[in-house]
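Understanding the architecture of this molecule
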Amino acid sequence: MDINTAYSEKNREYMRSLFAGIDRNTSEALSRMMRDNVDVKRGLRNADGTGVMIGYTKVGNVLGYSILDGERIPMEGHLSYAGYEVSELVEGYRKENRFGFEETAFLLLLGRLPNAEELDMFQNFLYDNMALPDNFTEDMILKHPSRDIMNQLGRAVLALYSSDPNPDETSLENMVRQCSQLIARFPIIIAHSYAARQHYFNDKSLYLHRPVKGLSIAENFLRAIRPSQKYTDEEAKLLDLCLVIHAEHGGGNNSTFTCRVLSSTGTDTYSAISAAVGSLKGPKHGGANNQVMTQFSEIKANVKNWKDDNEVSDYLRKILRKEAGDGSGLIYGMGHAIYTISDPRATLLKKYARSLAEKTGLLEEFELLESIERLSPDLFAEVTGKKKVMCANVDFYSGLVYTMLGIPQELFTPLFAMARITGWCAHRIEEVMTSGRIMRPAYRAIFTHQDYIPLAERK
């Protein structure tokens, strides 16, 4: 008998007895108090849904509404990195027909755009540091494969601490060096972890491709995950776009905040970044595009004519009424905590993905997504009785874009991490260099005093 099976059978009854001892009424009362008490900021959010303001940042900013007389006024979405509109950065990279993720990483880490010589030197540093330490892939990845690549990634980040000759120093120079090395190594860790997963759990051949100097991070990643090592320039440029628009999203998103919380303690870079990876692994955060694609597959299977708005609307109503889907009543990918009229990241994806959708035979799927985006706001108001300004967020389109690129669903969240590490690192550096105070929020205790009872007298 498998040891895990034996362990499970042996301990199942014991665990049931522990669960039976939990006071359900107390748990429900606690949840109710947290919900009803306006002084408690559940989820670190104000009553109007905005985030609790805890600091300042020069790394990134997200705008989706303005406040006038206490009312939220919807507006077109804006995302900026160190003062630069992301849409302008992307259009600049596209106009000059070059890759932009490495330049974006430089901008976020150092707060300014590089000149040509600085960018060339930074790219060379990244290329020189892509290769993992000797025997790292064999010892940390192949000998201990994981079904979940995010788990493997978080563990690998922690392990890199051991190969760093100066892991704990928090000087600006040392942190920039560590962060740049992690940005360079994330694609290879993810690609090798995926290869190990395919080999050990799906009985596939093992392909491990080394990075090639002179190629962009997007090119090296596509080359690393494909047995053929082949890709087109259009594919690589579209992946580069995905990396740029996912690189940063303000200090308040869960994984970035997690990184800042750990950084406020003075801990090392590897511990802070690994914690951020663990946060992004959560389905409420980094797994959103997986939920979109799962639901999208269901819609495709149950709507016969994808071009019929009435038929599409009928099925979306079922989802909203919790009669279809996972019972959540949510159309995944629609709506955002900050963006109202538009999510600039989704706008950019739509603009540049259509061409590849045509070439990969996925134009009908792409147009079905557009129909769902167009129909959902009015259907939401019809079914719920709540009129809400609602737009498609970046997760709505990113899953299909990754599918166009031949990237499997189990790599969607790791790919998110591969981009967002740039924002995590920038916020870590800012937190260490400017804050100087450990974060310590408060919880209000609601239990009553209990007198100690000797062990022999307890029932």
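All figures in this text were calculated on a predicted structure; none of them were measured in a lab. (Residues numbered from 1 in each chain as written. Predicted model: local features only at pLDDT ≥ 70, side-chain atom pairs only at ≥ 80, totals over all residues. Heavy atoms only, no water.)

**Thoughts on the overall build of the chain**
For the chain, the helix and strand inventory stands at 18 helices and three strands. Relative to a compact globule of 459 residues, whose C-alpha radius of gyration would be 23 Å, the chain shows 24 Å and is just as compact. Projecting the C-alpha coordinates of the chain onto the three principal axes gives extents of approximately 75 × 60 × 60 Å. Out of the 459 residues belonging to the chain, those deemed buried represent 46%. (Helix = DSSP H or I, 4+ residues; strand = E, 2+ residues; numbered from the N terminus. Rg over C-alpha atoms; globule rule 2.2 N^0.38 Å. Buried < 20%, exposed > 50% of the residue type's maximum accessible area, 1.4 Å probe, protein only.)

**Looking at unusual backbone geometry**
With a phi angle near 65°, Asn-135 is a residue other than glycine that sits in the positive phi range. Looking at where Asn-135 falls in the secondary structure, it is placed in the loop between helix 5 (116–128) and helix 6 (136–142). Taking relative accessible area as the criterion, Asn-135 reaches 48% and is therefore assigned partly exposed. At Gln-229, a position not held by glycine, the phi torsion is positive, near 65°. Position of Gln-229 relative to the elements: it lies in the loop between helix 9 (217–225) and helix 10 (233–246).

**Some remarks on the side chain of Thr-258**
Relative to the helices and strands, Thr-258 is located in helix 11 (residues 254–263). Taking relative accessible area as the criterion, Thr-258 reaches 18% and is therefore assigned buried. Those residues in contact with Thr-258 that sit more than four places away from it in its chain are Ala-275, Ala-276 and Ser-279. (Contact = heavy atoms within 4.5 Å.)

**Quick notes on the environment of Gln-295**
One can find Gln-295 in helix 13 (residues 288–302). The contact partners of Gln-295, leaving out residues within four places of it in the chain, are Ile-319, Leu-330, Ile-331 and Tyr-332. A distance of 2.9 Å separates a polar side-chain atom of Gln-295 from the backbone oxygen of Leu-330. (Polar contact = N/O pair within 3.5 Å; in protein donor to acceptor, adjacent residues only side chain to side chain.)

**Section: the pairing of strand 1 (residues 60–68)**
In this sheet, strand 2 (residues 71–81) lies alongside strand 1 in antiparallel orientation, the contact comprising eight bridges. Considered in strand 2, the bridge of Gly-60 is made with Tyr-81. Counting the residues that bridge the hairpin from strand 1 to strand 2 gives two residues, and of these Asp-69 lies at a positive phi of roughly 55°. (Pairing = 2+ DSSP bridges.)

**Re the packing of helix 3 (residues 86–95) against helix 15 (residues 344–359)**
Interaxial distance between helix 3 and helix 15 falls to 10 Å at its minimum, and their mutual angle equals 25°. It follows that helix 3 is roughly parallel to helix 15 by the angle criterion. Two packed elements cross with a definite hand, and for helix 3 against helix 15 that hand is right-handed. Residues Val-86, Ser-87, Val-90, Glu-91 and Arg-94 of helix 3 lie in contact with helix 15, whose contacting residues are Leu-348, Lys-351 and Tyr-352. (Axes fitted to C-alpha atoms, helices over the stretch in contact; angles between N-to-C directions. Parallel < 35°, antiparallel > 145°, perpendicular 65-115°, else oblique. Left-handed = near helix turned anticlockwise from the far one by under 90°.)

**A word on helix 3**
When we look at burial in helix 3, the residues that qualify are Val-86, Leu-89, Val-90 and Tyr-93. With its buried residues spanning 95° around the axis, helix 3 presents them on a single face. Residues Glu-88 and Lys-95 are exposed on helix 3 and point more than 90 degrees away from its buried face. Its buried side turned inward, helix 3 meets strand 2, strand 3 (84–85), helix 4 (101–110), helix 10 and helix 15. Phi for Asn-97, located one or two positions after helix 3, is positive at around 50°. (Arc of directions from axis to C-beta.)

**As for empty space enclosed by the protein**
Evaluation of the coordinates by the stated rule reveals one cavity of 30 Å³ or more. The calculated volume of the largest cavity comes to roughly 40 Å³. As for the largest cavity, its lining consists of Val-292, Gln-295, Phe-296, Ile-299, Ile-331, Tyr-332, Leu-369, Ile-372 and Phe-396. Of all the elements in the fold, those that place two or more residues in the lining of the largest cavity are helix 13 and helix 16 (363–384). The leading source of residues in the lining of the largest cavity is helix 13, at four residues. (1 Å grid on protein atoms, 1.4 Å probe; cavity = no way out; pocket = protein on both sides within 12 Å on 5 of 7 lines; lining within 4 Å. Points joined across faces, edges and corners; volume = space filled by probe spheres on them.)

**Re the environment of Ala-357**
Mapped onto the elements, Ala-357 comes out in helix 15. Each residue touching Ala-357, except ones within four places of it in the same chain, is listed here: Leu-362, Leu-363, Phe-366 and Met-404.

**Focus on the nonpolar core**
Nonpolar side chains in soluble globular proteins generally cluster together in the buried interior. One finds Leu-153, Phe-186, Ile-273, Leu-316, Ile-372, Ile-407 and Trp-424 to be the most contacted residues of the largest nonpolar core, which totals 114 residues. At twelve residues, helix 8 (residues 172–202) tops the list of elements feeding residues into this core. If near-sequence neighbours (up to four positions away) are discounted, Ile-372 is found in contact with Phe-296, Ile-299, Val-312, Leu-316, Ile-331 and Phe-396. (Core = buried A, V, L, I, M, F, W, Y, C linked by side-chain atoms within 4.5 Å.)

**What to know about the packing of aromatic side chains**
Within this structure, the stated rule accounts for five aromatic pairs. Measuring from centroid to centroid gives 6.2 Å for Tyr-161 and Tyr-270, while their planes differ by 85°, and the two rings are edge-to-face. Remark: Tyr-270 occurs in helix 12 (residues 269–281) and Tyr-161 occurs in the loop between helix 7 (149–160) and helix 8; sequence separation between them is 109 residues. Look at Tyr-161 and you get partly exposed, because its relative accessible area is 28%. (Phe/Tyr/Trp six-rings, centres within 6.5 Å; stacked < 30°, edge-to-face > 60°.)

**Re the packing of helix 16 against helix 17 (residues 394–404)**
Two elements in contact, helix 16 and helix 17, have axes separated by 11 Å at closest approach and are oriented at 180°. Compared by their axis directions, helix 16 and helix 17 come out roughly antiparallel. Only Phe-396, Tyr-397, Leu-400 and Met-404 of helix 17 make contact with helix 16, whose side of the interface consists of Glu-365, Phe-366, Leu-369, Glu-370, Ile-372 and Glu-373. Across the contact of helix 16 with helix 17, the residue classes break down as seven nonpolar, no polar and three charged. (Nonpolar A, V, L, I, M, F, W, Y, C, P; charged D, E, K, R; others polar.)

**Side note on the pattern of salt bridges**
Applying the stated criterion across every chain, the model contains 21 salt bridges. Note that Arg-98 is salt-bridged to Glu-96, the shortest N-O span being 2.6 Å. Taking relative accessible area as the criterion, Arg-98 reaches 26% and is therefore assigned partly exposed. The shortest N-O distance in the salt bridge between Glu-367 and Lys-307 comes to 3.3 Å. A residue pair is termed long-range when its members are at least 10 positions apart, and Glu-367 in helix 16 and Lys-307 in the loop between helix 13 and helix 14 (309–320) qualify at 60 residues. Given the relative accessible area of 60%, Lys-307 is considered exposed. Through salt bridges with shared partners, a single ionic network connects Lys-307, Arg-354, Glu-367 and Glu-370. (Salt bridge = Lys/Arg side-chain N within 4 Å of Asp/Glu carboxyl O.)

Don't take any of this as a statement about function, it's just geometry.
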